[in-house]
Amino acid sequence: VFEEKDFYIEYTTKEKEATEIAKRYAKSGIQMCIYACGGDGTLHEVVNGIIGYKNVSLGIIPIGTGNDFIKSLSKHYKKSDFLNIENYLEAVFEPCDLLKIDQEYSLNTVSIGFDVRIAEGVSKFRKLIKNGNTIPYLLSLLTSIARSLGFELNVLLDGVAGGVKEYSFVVAGNGKYYGGGF
């Protein structure tokens, strides 16, 4: 589809590598689109690599496990629209808000607590079970439930402290979906 265009395919092998690759291309100053081919984690990394660079737009090819962010766009698009590469020849680009926590940005959600524990477990189980689809999620969910569900947090929102309370998890959302359907 892109044989008449200049393009490069870069593969990642470790965490945060997509951020490094995206930033390297963005720093060139050349007008371009970087396509994040993966799930929400890959999308998150690419966003953090291109933030602040006006010469870069972001394309999403959702081939990850959850792909929650594109579900928020489902009013106009279906997943199959994103997977049809020919659609990118006449792509429509739209501005999008971002969430910022410290020096990191998120396109979809930011969370702390039980769901983060599950995500950390998924990473560990994926190393043991290749091509396991949702099996690593289920195993991580089961092992996480076996531990305490509560976390003591002092939530500070827009400068107002809520006091130390026990939470299972706290989520700030930019999109409508998160957690891969869980």
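Here's what I pulled together on the structure shown here.

1. Re the state of the cysteines
Note on terminology: disulfide describes a covalent bond linking the sulfur atoms of two cysteines. In total, this model carries 0 disulfides according to the counting rule given. The closest cysteine sulfur to the non-disulfide-bonded Cys33 is located on Cys37, 9.9 Å from its own sulfur.

2. Quick look at the nonpolar core
Among the nonpolar cores identified, the biggest contains 18 residues, and Ile34, Leu43, Val46, Ile50, Val56 and Ile60 are the most heavily contacted of them. Of all the elements, helix H2 (residues 40–50) adds the most residues to this core, at 4 residues. Excluding anything up to four places from it in sequence, Ile60 contacts Ala36, Leu43, Phe69, Ile70, Phe82 and Tyr88.

3. Some remarks on the pairing of strand S6 (residues 151–157)
Pairing of S6 with strand S7 (residues 160–167), which is carried by 6 bridges, proceeds in the antiparallel orientation. Its bridge partner lying in S7, Phe151 is registered against Tyr167. Counting the residues between successive antiparallel strands, the hairpin from S6 to S7 contains 2 residues, one of them, Asp158, with a positive phi of roughly 50 degrees.

4. A closer look at helix H6 (residues 135–145)
Listed in full, the buried residues belonging to H6 are Pro136, Ser140 and Ser144. Considered in projection along H6, the buried side chains sweep an arc of 65 degrees and stay on one side of the axis. Those residues of H6 that are buried lie in contact with helix H5 (114–128).

5. What to know about unusual backbone geometry
In this structure, Lys16 takes a positive phi of about 70 degrees despite not being glycine. Considering the arrangement of structural elements, one finds Lys16 in the segment before helix H1 (17–26). A residue is classified by how much of its surface remains accessible, and Lys16, at 36% relative accessible area, is partly exposed. The phi angle at Asp102 is positive, at roughly 55 degrees, despite the residue not being glycine. Structurally, Asp102 can be placed in the loop between strand S3 (99–101) and strand S4 (104–106).

6. So, the pattern of salt bridges
In total, this model carries 3 salt bridges according to the counting rule given. The shortest N-O distance in the salt bridge between Lys71 and Asp68 comes to 2.9 Å. Of this pair, Lys71 and Asp68 both sit in helix H3 (residues 68–71), 3 residues apart, which is roughly one turn of the helix.

7. Describing the environment of Val56
Within the secondary structure layout, Val56 lies in strand S2 (residues 56–62). With a relative accessible area of 12%, Val56 lands in the buried category. Each C-alpha atom of the pair Val56 and Tyr137 lies 33 Å from the other, and the pair is 81 residues apart in sequence. Setting aside anything within four residues of it in sequence, one finds Val56 in contact with Ala26, Gln31, Met32, Ile34 and Ile50.

What counts and what doesn't
- Residues numbered from 1 in each chain as written.
- Predicted model: local features only at pLDDT ≥ 70, side-chain atom pairs only at ≥ 80, totals over all residues.
- Heavy atoms only, no water.
- Disulfide = S-S within 2.5 Å.
- Core = buried A, V, L, I, M, F, W, Y, C linked by side-chain atoms within 4.5 Å.
- Buried < 20%, exposed > 50% of the residue type's maximum accessible area, 1.4 Å probe, protein only.
- Helix = DSSP H or I, 4+ residues; strand = E, 2+ residues; numbered from the N terminus.
- Contact = heavy atoms within 4.5 Å.
- Pairing = 2+ DSSP bridges.
- Arc of directions from axis to C-beta.
- Salt bridge = Lys/Arg side-chain N within 4 Å of Asp/Glu carboxyl O.

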